[in-house]
Amino acid sequence: MSGGGMNEAKLIFEKSVEGRRATQKTPSDVGHSVNLNPDYLREAPPELPELSELDVVRHFTELSTRNFGVDTGFYPLGSCTMKYNPKVTERIAALPDFAGLHPLLPQLRLGGMLTQGALEVIWRTDLLLRELTGMAGFTMQPLAGAHGELTGIMIMAAYHRDRGNSKTTVLVPDSAHGTNPASAAIAGYDVVSVPSDENGLMDLDALREQVDDRTAGVMLTSPNTLGLFNPRVKEICDLIHSVDGIAYYDGANMNAIVGRARPGDFGFDIVHLNLHKTFATPHGGGGPGSGPVGVVEGLLPFLPVSLVVKREDGTLALEYDRPKSIGYIAPFYGNFGIVLRAYVYLLMLGRDGFLGVSENAVLNANYLRTKLKDVYRQAYDRLCKHEFVISPSKAMEEKGIRAVDIAKALIDRGFHPPTVYFPTIVRESMMIEPVETESKETLDDFAEAMLEIARLAKEQPEVLTGAPRSTSVRRPDETKAAKELNIASL
Amino acid sequence: MPFIANTDEQRREMLEQTGLSAEDLFADIPPELRAESLDLPIGMNEQQVSGHLEKLAEKNHARLVSFLGGGFYDHFIPAAVPALASRGEFATAYTPYQPELAQGTLQAMYEFQSAVCRLTGMEVSNASLYDGGTAMYEAMMMALRITRRNRVVIDETVNPIYRVMIESYTRNLSIDLEQTCCGEGQVSRERIFELIDENTGAVILQNPNFFGIIDDFHDIAEYAHERGALLIVSVYPISLGLHKPPGEMGADIVCGEGQSLGLPLSFGGPYLGFIAGRKKHVRKMPGRIIGETVDTDQRRSFVMTLQPREQHIRRDKATSNICSNESLCALQAVIYLSLMGKQGLAETAELCADKASYAYSRLTSIPGVEPHFHAKWFFNEFVLDLPEPAAEVIGRLIEKGLAAGFPLSRYYRGMENSILISLTEKRTKEEIGYLAEALEGALEGSQAGGSR
Ligand SMILES: Cc1ncc(COP(=O)(O)O)c(C=O)c1O
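Residues numbered from 1 in each chain as written. Chains lettered and ligands numbered in written order. Predicted model: local features only at pLDDT ≥ 70, side-chain atom pairs only at ≥ 80, totals over all residues. Heavy atoms only, no water.

Student: Is there a simple way to explain the packing of helix 6 (residues 132-147) of chain B against helix 7 (residues 160-170) of chain B in this structure?
Tutor: Describing two packed helices takes the angle between their axes plus the distance from one axis to the other. Residues and elements named next belong to chain B. Direction vectors running N to C along helix 6 and helix 7 enclose 50 degrees, while the axes themselves pass 9 Å from each other. The orientation of helix 6 relative to helix 7 falls into the category oblique. Where helix 6 crosses over helix 7, the handedness of that crossing is right-handed. On helix 7, the residues touching Gly 132, Gly 133, Thr 134, Met 136, Tyr 137 and Met 140 of helix 6 are Tyr 162, Met 165, Ile 166, Tyr 169 and Thr 170. Counted by class, the contact of helix 6 with helix 7 contains 7 nonpolar, 4 polar and no charged residues. (Axes fitted to C-alpha atoms, helices over the stretch in contact; angles between N-to-C directions. Helix = DSSP H or I, 4+ residues; strand = E, 2+ residues; numbered from the N terminus. Parallel < 35°, antiparallel > 145°, perpendicular 65-115°, else oblique. Left-handed = near helix turned anticlockwise from the far one by under 90°. Contact = heavy atoms within 4.5 Å. Nonpolar A, V, L, I, M, F, W, Y, C, P; charged D, E, K, R; others polar.)

If you want it as structure tokens, here you go:
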């Protein structure tokens, strides 16, 4: 076997040299502790690596060269809104008076006065998000989109409990993101899947049959994961309301309509937003995110504790006495550092900036869709919003080319692939979200690569099935990973 | 327009090629569903927004000499942690769906999982959860899935903030949550054993506990296991530089908050939840898990594995709804642990303990200040009783530039006068002395003061 090789990845633990160190011991200025019970001590220090600072810096710098971010290149990962993350937000989040702020400070007597700046960030972000969504108030506590969904469903449950309703089901379209049914289920509801119609939208006739007295609510994203806006979204909300159900809006796709249409005006009662998508905070290789949840007036009493409120004297305070609240769903005020970054972005955009976001997100998507639609199979041949779904054409499939091959070939051409195999209701799906921060030149280059790949699929399919060739590894064996299950070096 | 590359000219060109007008782009949204002009401010540029935020930052008092802890600590962060983690290749990537473009994130997460296992004495770990509280909730759900039971026993010495979170999460579920009450600081064996029965699926403890007290739970693990329940231990990772890991006590699931591993306090987040367990239970674990494998050329590679547990495949049958986790925070933690290394972490833990011991003796020598518990072994935090309500005294000390500690009356009945004081390696002898003098001054004239 050819194992080894010059570039074989080495774990940081394997670089360890006994006795080497990166940090120097801080001498104790208080003498040595007498308060250690040998029964409670560990026998030997934990086996962490022993390295110099330079070793550590080189290790992680090297790892970073095997990674691809928005800063590296075009990243049209559908449903994830991989837009540019402004650098200024990092500098502001690192200001010591934000970064060094202890979350328990406001719980000291008059402690709220010690954190007025941070509370103002939360409060002002809340006001801006209200205006953008048409909701009456937000909680910043949810720590990601899925956490926002769970919070929303808990609010839904609290509402029904308060009304004396006995509701057991939540309706979720078959095109929904996996977190939607998962969130409804772990909150204690039975999930009912609503089929899509031939236009890729929620099938209203089916929905009418599925809605009944047991219906606690519906979860919907519009535009949906196919990038299609449902013009009958208000009818759906009305139908749910007719059985005293709650309409939940998954705002992960808000980028398509931000600044020009509001889920509150569609009839939704609860909205979550993904600050790490629409509001440009870095995705971090899979988080941290932030998933604020907004609700209409009637649901305000159920929002988690605590909430930032403005007092008569103009100062801000945290409100804890909220008897109908669902309680704490996170320890403090959410991922404050992420909310702070989003606040900076919100301020920089302003009203016109948001109109520009949605306009360019939708324009870029339709421009790219138009360029690709004759060569790839388009799931739905019509105007899309911020993203669209295509699949390999019949001719490509006949040559054995699958979405995964196209994805890997894109890697060799310097692009991050789109989301593949989701949404599952489209076979061999590739979900492309170009986002507004990308330029026409980038889209042209990407389209050209896609067209070249399409050509190769017919002429030299083996070039594609052998891709990628430019990366440190190619097509790692996932079956082996699951079967042999090595998930930690012990 | 901010952050938009396309010029007006390019936009015209693109519309033309698309065969659409600017209005057409939103033609599918019925006019009655479109928003009127929104009431939003005019955009700011980078200089303006920086000025505005710097002003807001000044309204925070982050620079008090702080003895606040309670699960969230002011530890020293080496410069290399943010320098490396902020690299755009890491920070602006997303979930590693394409392993060829994410070996950096994937290997770092595998190393994070390994470091968590080595610290906690467990066999498997995931690639992070949101925070310590949601990690405890996920650990509880995992234990109930494994045992197919619905009763949870949680000790009162577990962080009260996490306990109220668990209460929220279980409200709609048929989970029977039992909490112990009114012990002596150390986990009361008698009370815990009394609550464990044949329906108990999970026993949740914390080490060091919320009062800072260190314990060894092997007896509770044994008792729980004999009755078919699993032991969950929430742990403060810095303490593991010195103290016995839960894995050696027989814990089945270990969870906790990783903020202390190189993350700033940042007013409550982003933080880092971690969870570790036994290999036999790995298929019941929530969240992303990274595994080692080989590629088509037999080269060592890393991928997300055991995905059929997750929401994007299993939907409403998934082990959790988590999708985005706290990957970048986990990266910071593994960089931190690599820099501290085997010796450094132990030394930091020891230094925290040294400072706490010293502060304890210094503060208990103040007339009227008494230890609240008899339990003697604490790590970097302890509880003292003051001669008057602690909240009041702490309030007075703020004027002296001190966040003297946390008043326990907020979460515990009968602890009106109790203060939780936390030390890290950053607090100096001088600062401790300043706290002692200020406290003594603040207590002067109070009834019990000087009565000793
Ligand atoms: C439509 C949709 N809903 C919800 C989520 C979940 O968001 P998060 O990953 O922040 O939990 C996503 C994320 O990919 C999404 O695309």
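Let's pick the thread back up.
Student: Hey, could you run me through the interface of chain B and chain A in this one?
Tutor: By a widespread convention, an interface's size corresponds to the accessible area lost as its parts come together. In this assembly, 192 residues from chain B lie in contact with 206 residues from chain A. Taking both sides of the interface into account, the surface hidden between chain B and chain A amounts to around 17600 Å²; carbon and sulfur atoms contribute 62%. Close ionic contact of Lys408(A) with Glu100(B) constitutes a salt bridge, the shortest N to O distance being 2.7 Å. Top contributing element to the side of chain B that touches chain A by residue count: helix 12 (residues 327-364) of chain B, with 23 residues. Classifying every residue of the side of chain B that touches chain A by side-chain character gives 95 nonpolar, 55 polar and 42 charged. (Buried area = accessible area lost by both parts, 1.4 Å probe. Salt bridge = Lys/Arg side-chain N within 4 Å of Asp/Glu carboxyl O.)

Student: I'm lost on the sheet that holds strand 4 (residues 176-179) of chain B in this one. Help?
Tutor: Strand pairing in a sheet relies on backbone hydrogen bonds. The paired strands run either parallel or antiparallel. Residues and elements named next belong to chain B. Ordered by their spatial adjacency, 7 strands build an open sheet running 2-8-7-6-5-3-4, and the pairing between neighbours is mixed. A strand with exactly one partner marks an edge of an open sheet, and here the two such strands are strand 2 (124-125) and strand 4. Here strand 2 pairs with strand 8 (residues 273-277) via 2 bridges, running antiparallel. The partner of Ser 125 across the bridge, within strand 8, is Ala 276. (Pairing = 2+ DSSP bridges.)

Student: Would you mind going over the pairing of strand 2 (residues 169-173) of chain A with me for this structure?
Tutor: When a strand is regular, its side chains alternate between the sheet's two faces. Residue and element names in this part refer to chain A. The buried fraction of strand 2 amounts to 5 of the 5 residues, a majority that puts the element mostly inside the structure. Of the two faces of strand 2, the one holding Thr 169, Leu 171 and Pro 173 and the one holding Val 170 and Val 172 are both buried throughout. Sheet topology places strand 2 next to strand 3 (residues 190-194); 5 bridges connect them, and they run parallel. Within the sheet, the bridge partner assigned to Thr 169 lies in strand 3 and is Asp 190. Crossover handedness for the path strand 2 to helix 6 (residues 179-186) to strand 3: right-handed. Sheet analysis places strand 2 next to strand 4 (residues 215-220), joined by 3 bridges and oriented parallel. Note on strand 4: the bridge partner recorded for Thr 169 is Thr 215. (Buried < 20%, exposed > 50% of the residue type's maximum accessible area, 1.4 Å probe, protein only. Right-handed = clockwise from strand over helix to strand, strands pointing away.)

Student: I keep staring at the domain arrangement of chain A and nothing clicks. Help me out?
Tutor: Splitting chain A by domain gives domain 1 (1-22 + 41-67), domain 2 (88-348) and domain 3 (354-476). For domain 1 of chain A and domain 3 of chain A, the distance between their C-alpha centroids amounts to 37 Å. (Domains from an automatic or database assignment.)

Student: Got a minute to help me understand the domain arrangement of chain B in this structure?
Tutor: All names here are of chain B. Segmenting chain B into domains produces domain 1 (65-73 + 342-451) and domain 2 (80-336). Here domain 1 and domain 2 have C-alpha centroids that lie 29 Å from each other. With 26 residues of domain 1 in contact, the opposing surface of domain 2 contributes 31 residues. Between domain 1 and domain 2, the buried area comes to about 2300 Å², and carbon and sulfur atoms account for 71% of it. Broken down residue by residue, the surface that domain 1 buries against domain 2 is led by Phe 72, Phe 379 and Tyr 412, which jointly contribute 28%. On inspection of domain 1 and its partner domain 2, the count reaches 0 salt bridges. Taken together, the connections running from domain 1 to domain 2 amount to 7 residue pairs in polar contact (both at pLDDT 80 or more). (Polar contact = N/O pair within 3.5 Å; in protein donor to acceptor, adjacent residues only side chain to side chain.)

Student: Explain the sheet that holds strand 12 (residues 381-385) of chain B to me, please; I cannot follow it from the model alone.
Tutor: Residue and element names in this part refer to chain B. If you walk across this open sheet you meet the 4 strands as 11-12-15-14, and the pairing is antiparallel. Each edge of the open sheet is held by one strand with a lone partner, namely strand 11 (370-371) and strand 14 (406-407). Two elements, strand 12 and strand 15 (residues 418-422), share 5 bridges in a ladder whose sense is antiparallel. For Glu 381, the partnering residue across the bridge sits in strand 15 and is Ser 422. Contacts between helix 12 and the sheet are confined to strand 11, strand 12 and strand 15, with strand 12 contributing the most and set at about 10 degrees to the helix.

Student: Please clarify how helix 6 of chain B should be interpreted in this entry.
Tutor: For the α-helix, the turn length of 3.6 residues means that residues three or four positions removed from each other point alike. Residues and elements named next belong to chain B. Between its first and last C-alpha, helix 6 extends 22 Å over 16 residues, near the 22 Å set by a 1.5 Å rise per residue. Across the 16 residues of helix 6, 14 count as buried, placing the element largely inside the fold. The distance from a side-chain oxygen at the start of helix 6 to the backbone nitrogen of Gly 133 is 2.8 Å, and the residue carrying that oxygen is Asp 131. Trailing helix 6 by a residue or two, Arg 148 shows a phi angle of about 50 degrees, which is positive. (Expected span 1.5 Å × (residues − 1).)

Student: It is not clear to me how the pairing of strand 10 (residues 300-305) of chain B should be interpreted in this structure. Could you clarify?
Tutor: Residues and elements named next belong to chain B. Summarising burial for strand 10: 6 of the 6 residues are buried, a large majority. Residues Arg 300, Phe 302 and Met 304 of strand 10 are buried on one face, and the alternating residues Ser 301, Val 303 and Thr 305, pointing to the opposite face, are buried as well. Direction of pairing for strand 9 (residues 289-294) relative to strand 10: antiparallel, over a ladder of 6 bridges. Bridge assignment links Gly 291 to a residue of strand 10, and that residue is Val 303. Taken together, strand 9 and the strand that follows it, strand 10, pair antiparallel across an intervening segment of 5 residues, in which Gln 298 is found at a positive phi of about 65 degrees.

Student: Whenever I open this one, helix 1 (residues 53-65) of chain A confuses me. Can you help?
Tutor: Between its first and last C-alpha, helix 1 of chain A extends 19 Å over 13 residues, near the 18 Å set by a 1.5 Å rise per residue. Val56(A), His59(A), Phe60(A), Leu63(A) and Ser64(A) are the residues of helix 1 of chain A that are buried. With its buried residues spanning 135 degrees around the axis, helix 1 of chain A presents them on a single face. Counted as exposed and oriented over 90 degrees from the buried face of helix 1 of chain A: Arg58(A) and Thr65(A). Packing partners of the buried residues in helix 1 of chain A comprise helix 3 (80-85), helix 4 (88-91), helix 5 (103-120) and helix 12 of chain B. (Arc of directions from axis to C-beta.)

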